[in-house]
Amino acid sequence: MPGRVLTRGPALTWGRALDFVRRHPDLSVCLPLVALIVLVQGKNIANFPTVSDDEGTYLAQAWAIQHGHGLAHYSYWYDHPPLGWIQIAALSWIPALFDHGTMVVMHARVIMLPVTAVASALVYVLCRRIGMARWAAALGVVVFGLSPLSVTMQREIYLDNFAVVWMVAAFVLALSPKRHLWHHVGSGACAAVSILSKETMLVVAPALLWALWQGSDKATRKFSVVGFLSAAGLIVLQYPLYALLKGELFAGPGHNSLFGAISYQLGRTGSGNILRKGSVSNLTLHWWLVRDPILMYAGTACSFLALAVRRLRPVALAGVILIVVGARPNGYLPAMYVIQAIPFFAVSIAGLADAVVEVLLRERTRAWIRGWWRWDVPWRRLDLAAFGGVVLIGLIAPQWQTGDATADTAFSNDQYAQASSWIKTHVPDHAHTRIVVDDAMWPDLADQGFQPGLGVIWFYKVDLDPAVARTLPDGWKDIDYVVSTSVIRQDPNGLPTVRAAMGHAGVVATFGTGDQRIDILKVNR
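Buried within helix 26 (residues 496–503) are the following residues: Thr497, Val498, Ala501 and Met502. Axial view of helix 26: buried residues confined to an arc of 135 degrees, hence all on one face. Among the exposed residues of helix 26, those oriented more than 90 degrees off its buried face are Pro496 and Gly503. The inward-facing, buried residues of helix 26 abut helix 23 (459–464), strand 3 (481–484), helix 25 (486–490), strand 4 (505–511) and strand 5 (518–523).

Below, the structure is given as C-alpha cells:
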C-alpha cells in the first residue's frame, strides 16, 4: 500500500493545517509575525547597534545578583528599582544556549529576543481587545517589531524593554472582555512590575486607569478600581519598604538613600529644548528620526488623532503623555525613552487605520459621497486592503528595508571586541592589575579574572564612590591601565583621578578610528 501513503499523507497534513487556521485564526496571524520579528531582530543582534554603557551597567548589576554580591556591582544607590535587572539575571541562562558575540554584552543581547516576542504578541492581543480587525492588529505588530527604530532599540538590554512588556500586559488585562475582577487585579500587578522595572512608566498610569474605566462593568467598577489600586500599591510599596528597613529611605551622612536618589534624578541637568538645534534632546530626536521618520511622525500624529476615537483613547492618551513628557522644556531625554512610546505609537497607527476603513465601508459614507460627488463608490474591504498594501509596500517598505538591512549587516562593535581580546592576551596578572573601564566592558574583564569592583573599576566609581577611592590612597598612581572609550572621554562629571591617570599614561594599543576609537592606556608612574 505504499501509493496510498504517498497520496494521503500530504493531504492530511494540509487538512490539519487548514483546520488549525480555521479554529485559531488569531494564532495563525500572530505567530508567523512574531517569528518574523524574532528572525529580523535576532540576525546580527550582537554587532548592531554599538554596545552602550547602560547595557553594561544593567548586565553588571544582574551579574551581582547572580553571584550573591547584592543588588549592584558597587553600592546600590537607588538609581533605578532593581526589578529590571533581576529579570535580566533570571533570563541569563538563555545566552548559554547560543554561541555568538565575543563580548559579554554582545553575547547577552539574545536575552531580548523572547522579551520582544512576548511584547509583540501582547500588542496583537491589545489591538484585538480594542476591537480592531485582524489585519489592523497585524499592522500594529509589524509597526511595533519591524520598524528600523524598533529593531535597533529592542535589541539592546534596556530596562525600558522589560517595562513595556508589563505595561502592555496591564492594558491587555484592563481591557479583558470578561471584565473579571481578577483580571483587573492582575492589571494592577502588571503595572506595578512595569514601574518597578523602569520607574518612568509611571507617567502612563492615567491612561491605564482610563482603560480600566472603559474595560470594567459599571456595576462592579468600584471593586475593579479598588482591586487594581490595591495590587499596584502593595507591590510598588515593597521598594520604599526595602529602603526603610535598610535605613536608607531618607538622605543622611555616610549612606545612599531612596529620597537622595530621587532628589538627584529630579535635579539632573536637562537635555535642553527638543526643538532647539544643537541641544542634546534635539540630537536625540534627530537620531530617532534618522532611524525611522515614518514611525516618529505617524506615531505622533496618530496618537493625537486617535483621541477622537473612543475605543482608542486610553492607548492614544498613553502616547500623548509620553510625547508631552519627552518634549517638556529642558527635561532629561535619554535615547532609550522612545522605547516606551513605540507600542502606543504602533497601536494608535493601526487603530486609526482600522477606524478609517470602518468609516469608509459604512453605507452612510457611501451615500454621502454619492450625494456630494454623484459617484457610486465601488470599493469593498478587499479593495481598501489592496490599496493599503500598495501604500505599505511602495512607500514604507523600501525605507524600512534599508534601515533593517543596516541593522542586520553592520558591524559596530568590532573595536570593543578587539580591545577586550587584546586585554585578555596582553595584560599580565589579571588578578592583581587595576584597570579602569566603562561599563560596557566591565562584565568582560570581570569574566577574564580581574577582581570585580576594585581590580576592574567602573570609571565613575574611581572618584565618586568613597569605598573605591579609599582603596586608591595614591590616586592615579594606584591605577595600571585605563581603557579610553568615547564614554570615558566625554567625562561629564569631570573625574580628576581618571583624568590624571589618562594624563600620565601612554597608548599601548588602539582599535577603531574617530570618536568611536578605543585606546588602551598604560599608566606611567
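Running from amino to carboxyl end, helix 8 (residues 148–155) crosses helix 15 (residues 280–291) at an angle of 120 degrees, the nearest separation of the two axes being 7 Å. Residues Pro148, Leu149, Thr152 and Met153 of helix 8 touch helix 15, and the partners they reach there are Trp287, Trp288 and Arg291. The class makeup of the residues in the contact of helix 8 with helix 15 is five nonpolar, one polar and one charged.

Let us now look at the pattern of salt bridges. Overall, the coordinates contain twelve salt bridges when judged by the stated rule. With a closest N to O distance of 3.0 Å, Arg128 and Asp26 form a salt bridge. You can see Arg128 sitting in helix 6 (residues 112–130) and its partner Asp26 sitting in helix 2 (residues 25–42), a full 102 residues away along the chain. Judged by its relative accessible area of 28%, Arg128 falls in the partly exposed class. The exposure class assigned to Asp26 is partly exposed, which follows from its relative accessible area of 25%. Between Glu358 and Arg311 there is a salt bridge whose closest N-O contact spans 3.2 Å. Of this pair, Glu358 sits in helix 18 (residues 338–360) while Arg311 sits in the loop between helix 16 (293–305) and helix 17 (313–326); the two residues are 47 residues apart in sequence, bridging distant segments of the chain. Glu358 gets classed as partly exposed once you look at its relative accessible area, which sits at 38%. With a relative accessible area of 22%, Arg311 lands in the partly exposed category.

Here we take up the packing of helix 8 against helix 18. Running from N to C, helix 8 and helix 18 point in directions that differ by 135 degrees, and their axes come no closer than 10 Å. Between helix 8 and helix 18, the angle falls in the class oblique. Considering how the two elements wind past one another, helix 8 and helix 18 form a crossing that is left-handed. Side by side, helix 8 and helix 18 meet where Leu149, Ser150, Met153 and Gln154 of the first sit next to Val338, Ile339 and Ile342 of the second. When grouped by side-chain class, the residues that make up the contact of helix 8 with helix 18 number five nonpolar, two polar and no charged.

When you line up the elements, Ala505 lands in strand 4. Sequence separation between Ala505 and Pro49 is 456 residues, and the spatial gap between their C-alpha atoms is 30 Å. Ala505 has contacts with Leu521, Lys522, Val523 and Asn524, leaving out every residue within four places of it along the chain.

So, about the confidence of the model for the protein chain. For the protein chain, mean pLDDT is 92; residues scoring 70 or higher make up 96% of the total. Scored below 50 in pLDDT, residues 1–6 makes one contact in the model with residues more than four places away or belonging to other chains.

What the rule picks out here adds up to zero disulfides. Cysteine Cys30 remains unbridged, with the sulfur of Cys127 as its closest cysteine sulfur at 9.9 Å. Taking the relative accessible area as the measure of exposure, Cys30 reaches 8% and is therefore buried.

Right, let's talk about the sheet that holds strand 1 (residues 435–437) for a bit. By way of backbone hydrogen bonds, the strands of a sheet pair with one another, either parallel or antiparallel. Strand order in the open sheet made by the five strands is 2-1-3-5-4, with mixed pairing throughout. Two strands in the sheet have a free side with no partner beyond their single neighbour: strand 2 (456–458) and strand 4. Here the average twist between neighbouring strands, direction ignored, is 25 degrees. Note: strand 1 against strand 3, two bridges, orientation parallel.

Locating Gln418 in the fold gives a position in helix 21 (residues 414–426). Considering only alpha carbons, one finds Gln418 and Thr102, 316 residues apart in sequence, at a separation of 8.9 Å.

Calculation rules
Residues numbered from 1 in each chain as written. Predicted model: local features only at pLDDT ≥ 70, side-chain atom pairs only at ≥ 80, totals over all residues. Heavy atoms only, no water. Buried < 20%, exposed > 50% of the residue type's maximum accessible area, 1.4 Å probe, protein only. Helix = DSSP H or I, 4+ residues; strand = E, 2+ residues; numbered from the N terminus. Arc of directions from axis to C-beta. Contact = heavy atoms within 4.5 Å. Axes fitted to C-alpha atoms, helices over the stretch in contact; angles between N-to-C directions. Nonpolar A, V, L, I, M, F, W, Y, C, P; charged D, E, K, R; others polar. Salt bridge = Lys/Arg side-chain N within 4 Å of Asp/Glu carboxyl O. Parallel < 35°, antiparallel > 145°, perpendicular 65-115°, else oblique. Left-handed = near helix turned anticlockwise from the far one by under 90°. pLDDT = per-residue confidence, 0-100. Disulfide = S-S within 2.5 Å. Pairing = 2+ DSSP bridges.

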